[in-house]
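Analysis of the macromolecular model
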Amino acid sequence: MRTLQAMILAAGAGTRMKSHLPKVLHTICGRPMIAYALDIAASAGVKQPIVILGHGAELVKPLLPKEVKVVIQAKQLGTGDAVLSAKRALTGTMGDVLILYADTPLLRRTTVQKLIESHFKTGATCTLLSAHLADPSGYGRIARNETGQVVGIVEEAEANAVQRAIREINVGPIVCKLQVLLDVLAVVQPSATKKERYLTNIISHIARQEGAKITVTRVEEISEALGINSRTELARAIGVIRQRIVEAHLHNGVTIEDPQTTCIDHGVSIGMDTIVHPCTVIETGVSIGKRCSIGPFARLRSGVSIADETRIGNFAELVRTKVGTRVRINHMSYLGDTMVEDDVNIGAGTITANYDGTNKHPTHIGKGAFIGADTVLIAPVKVGPGAVTGAGSVVPKAHDVPAKGVVVGVPARPLGTLAGGPARRVVHSSADGPARPLNGKASTAVPAALPARSRTREHSAKRVAASVRRKVVLKKRAKPVAKAARRVRLRMKRVLRAKPARRAAARKRITMKKRSHRR
Ligand code: UD1
Ligand code: CA
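Because the structure is a prediction, the values reported are computed rather than measured.

Quick notes on the rules
Residues numbered from 1 in each chain as written. Chains lettered and ligands numbered in written order. Predicted model: local features only at pLDDT ≥ 70, side-chain atom pairs only at ≥ 80, totals over all residues. Heavy atoms only, no water. Salt bridge = Lys/Arg side-chain N within 4 Å of Asp/Glu carboxyl O. Helix = DSSP H or I, 4+ residues; strand = E, 2+ residues; numbered from the N terminus. Buried < 20%, exposed > 50% of the residue type's maximum accessible area, 1.4 Å probe, protein only. 1 Å grid on protein atoms, 1.4 Å probe; cavity = no way out; pocket = protein on both sides within 12 Å on 5 of 7 lines; lining within 4 Å. Points joined across faces, edges and corners; volume = space filled by probe spheres on them. Nonpolar A, V, L, I, M, F, W, Y, C, P; charged D, E, K, R; others polar. Contact = heavy atoms within 4.5 Å. Donors = N, O, S within 2.8 Å, 3.2 Å for Na, K, Ca; no water. pLDDT = per-residue confidence, 0-100. Pairing = 2+ DSSP bridges. Near = heavy atom within 4 Å. Polar contact = N/O pair within 3.5 Å; in protein donor to acceptor, adjacent residues only side chain to side chain. Areas by Shrake-Rupley, 256 points an atom, 1.4 Å probe, with all protein chains shown as cover. Sits in = over half its atoms within 2 Å of the grid points. Patch = residues over 30% accessible without salt bridge, like charges linked within 9 Å, V, L, I, M, F, W, Y side chains within 5 Å.

This structure, assessed with the given rule, holds 15 salt bridges. The partner of arginine 299 in a salt bridge is glutamate 283, and the shortest N-O contact between them spans 3.2 Å. A residue pair is termed long-range when its members are at least 10 positions apart, and arginine 299 in strand E19 (residues 299-300) and glutamate 283 in the loop between strand E16 (281-282) and strand E17 (287-288) qualify at 16 residues. For arginine 326, the salt bridge is made with aspartate 343, and the minimal N-O distance between the two is 2.7 Å. You can see arginine 326 sitting in the loop between strand E22 (322-323) and strand E23 (328-336) and its partner aspartate 343 sitting in the loop between strand E24 (338-340) and strand E25 (345-346), a full 17 residues away along the chain. With relative accessibility at 37%, the residue arginine 326 sits in the partly exposed group. For aspartate 343, a relative accessible area of 30% puts it in the partly exposed group. Each of Arg31, Asp39 and Arg109 takes part in a single network of salt bridges with overlapping partners.

Following this line, the structure appears as structure tokens:
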């Protein structure tokens, strides 16, 4: 029976990141770097991986899943030392161990699975993962003898010019027989240059052992080999993972118009036939339904879920907000801690003022409500189903708008209800006097605040009437014009008919003149 334990090395200081944050907590598409290594261990079937922490351990530890066995490496004396410090956390010395570095987040699960399969299939003592890089600088080089057998891994700091020219590098993950690993590590000496105990030095020791076998598996694609030591490498890793995420959504039937400018985090679900327009940011945990249109320039933050056929347009930011079907949030809005029911229209520039400086408060917008452009909803507040807020309204907190109620102004005053039923009293703290209870039908001033559809219908009826009137007036005016035109035409005809006679008269005049000149 094969038993596989796993350990993840995450104790290093990450000096080259130039950061106060431990390297493994830097995020890649919405999750800390170390999460990717934990994924790999889980996909290898390891239920309780050992994570070796050191630098910033107090920050990393709380973020790890409960099942993880945490080991503290008191001093970061090298990757070999890190493995040795986890000796006690290992269950026995039987079986094999998978060692992962927490700073190679681009590794694919399938690649590591292949590495493990190959290790067990070949009965190897130790199996490495390699990649051939055009620029191998910074990585440990895999040294082979004339027959191609691996004889060791040479770290860059220790390598001579010939060794530095080797393009085959050590990606990091190693599967090794546990007993061999521990025995060999006990005799590995710290390096001459860095004074660190390198894990990679075990290879030359194992290579010299009688009957030991070292096999090498290659990565599926070069990008997998990227180790993150600097911000430049972090940026590259983010680019690669972002592209992988986009490809997965494209594969699932989502249109992403410009993958280059679309940032979708890990753990986002998007339904079929939804279109994501350029320059859109969708953060971890967001779920979007089918046939939606998102962006351009939309930002959907954590805790956002959107049902089907909804449109979120440019410069809309949503956080901790649930949005129903067929909702329109087309331009320049901020909705935080909000529940938006089906068929709501959120006018341009609508803002939920959800934060009072201490606490965040909820906003509820009922089915079919029409929020006028530039409305400010001061939370906690509710807008009832079918209600309307006029353009520029400021709805004060706790001054709920009743179902089908119409409010306008700053602070928003009730104007009645759309259906004409008894309007409920809407209390408000108006500077221009106490709240007025309003009953009966909506005032005649309402049209400016009517829902878009009825407003357009009314307007189009008016427009048709006006154009009919205009046509009648034009026809009336056209009559005398036509008469005059006919008169002109007749005169012309007469003139034309008269032409030959006139020409003769002119000729006569000319000959008379000529004659008088001769005289
Ligand atoms: C390491 C390998 C190198 C390989 C490269 C791949 C060694 C000696 N070298 O180099 O062969 O090509 O990764 O990216 O292993 N860590 C600890 N404790 C320590 C030191 C490091 O836990 O005392 C952890 C780090 O947090 C990191 C990982 O081990 O996650 C690798 O350490 P790092 O210093 O980044 O090694 P590299 O120089 O990149
Ligand atoms: Ca590294």
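Having seen it, we continue.
Its boundaries defined by the atoms lining it, the largest pocket holds a volume of some 1,400 Å³. Mapped onto the lining of the largest pocket, the elements with two or more residues apiece are strand E1 (4-10), helix H3 (79-85), strand E10 (168-177) and helix H8 (231-251). When grouped by side-chain class, the residues that make up the lining of the largest pocket number 20 nonpolar, 17 polar and 10 charged. Taken as a whole, the second largest pocket spans an internal volume of roughly 480 Å³. As for the second largest pocket, its lining consists of 21 residues, and the residues nearest its centre are Tyr36, Arg109, Arg244, Ile245 and His266.

Okay, the environment of alanine 212 next. Note that alanine 212 resides in the loop between helix H7 (202-208) and strand E11 (214-218). Separated by 88 residues in sequence, alanine 212 and alanine 124 have C-alpha atoms that sit 7.4 Å apart. Look past the residues within four positions of alanine 212 in its chain and what remains in contact with it is Thr125 and Ile206.

Moving on to the coordination of the calcium ion (ligand 2). In this structure, Asp103 (OD) and Asn229 (OD1) serve as the protein donors to the calcium ion (ligand 2), at separations of 2.2 to 2.5 Å. One end of the pair, aspartate 103, is in the loop between strand E6 (96-101) and helix H4 (109-122); the other, asparagine 229, is in the loop between E11 and H8, with 126 residues separating them in the sequence. Judged on exposure class, the residue aspartate 103 and its partner asparagine 229 are both buried.

This part is about the confidence of the model for the protein. Mean pLDDT for the protein: 89, with 83% of residues reaching 70 or above. Contacts from residues 421-458, a stretch scored under 50 in pLDDT, to residues over four places away or in other chains number 58 contacts.

With that settled, consider the pairing of strand E4 (residues 50-53). Taking every second residue as pointing to the same face, both faces of E4 are buried, with Ile50 and Ile52 on one and Val51 and Leu53 on the other. Of the pairings in the sheet, the one linking E1 to E4 comprises four bridges and is parallel in character. Looking at E4, one finds that isoleucine 8 is bridged to valine 51. Strand direction decides the pairing type here: E4 and strand E5 (residues 69-72), joined by four bridges, are parallel. Within E5, the position partnered with leucine 53 by the bridge is isoleucine 72.

Next up on the list: the site of ligand 1. In the region of ligand 1, 25 residues are neighbours, and Gly12, Gln73, Tyr101, Glu155 and Asn170 sit closest. Here an oxygen atom of ligand 1 and a backbone polar atom of glycine 78 are 2.8 Å apart. Burial of ligand 1 by the protein chains amounts to 91% of its free accessible area of 750 Å². The pocket occupied by ligand 1, as judged from atoms lying within 2 Å of grid points, is the largest pocket. Contributing elements (two or more residues each) for the shell around ligand 1: E1, H3 and E10. Among the residues forming the shell around ligand 1, the class breakdown is 10 nonpolar, 11 polar and four charged.

Our focus in this paragraph is a nonpolar patch on the surface. On the surface, Phe297, Phe315 and Met332 cluster together into a nonpolar patch covering about 320 Å² of accessible area. Note that methionine 332 resides in strand E23. Overall, the relative accessible area of 46% leaves methionine 332 in the partly exposed class.

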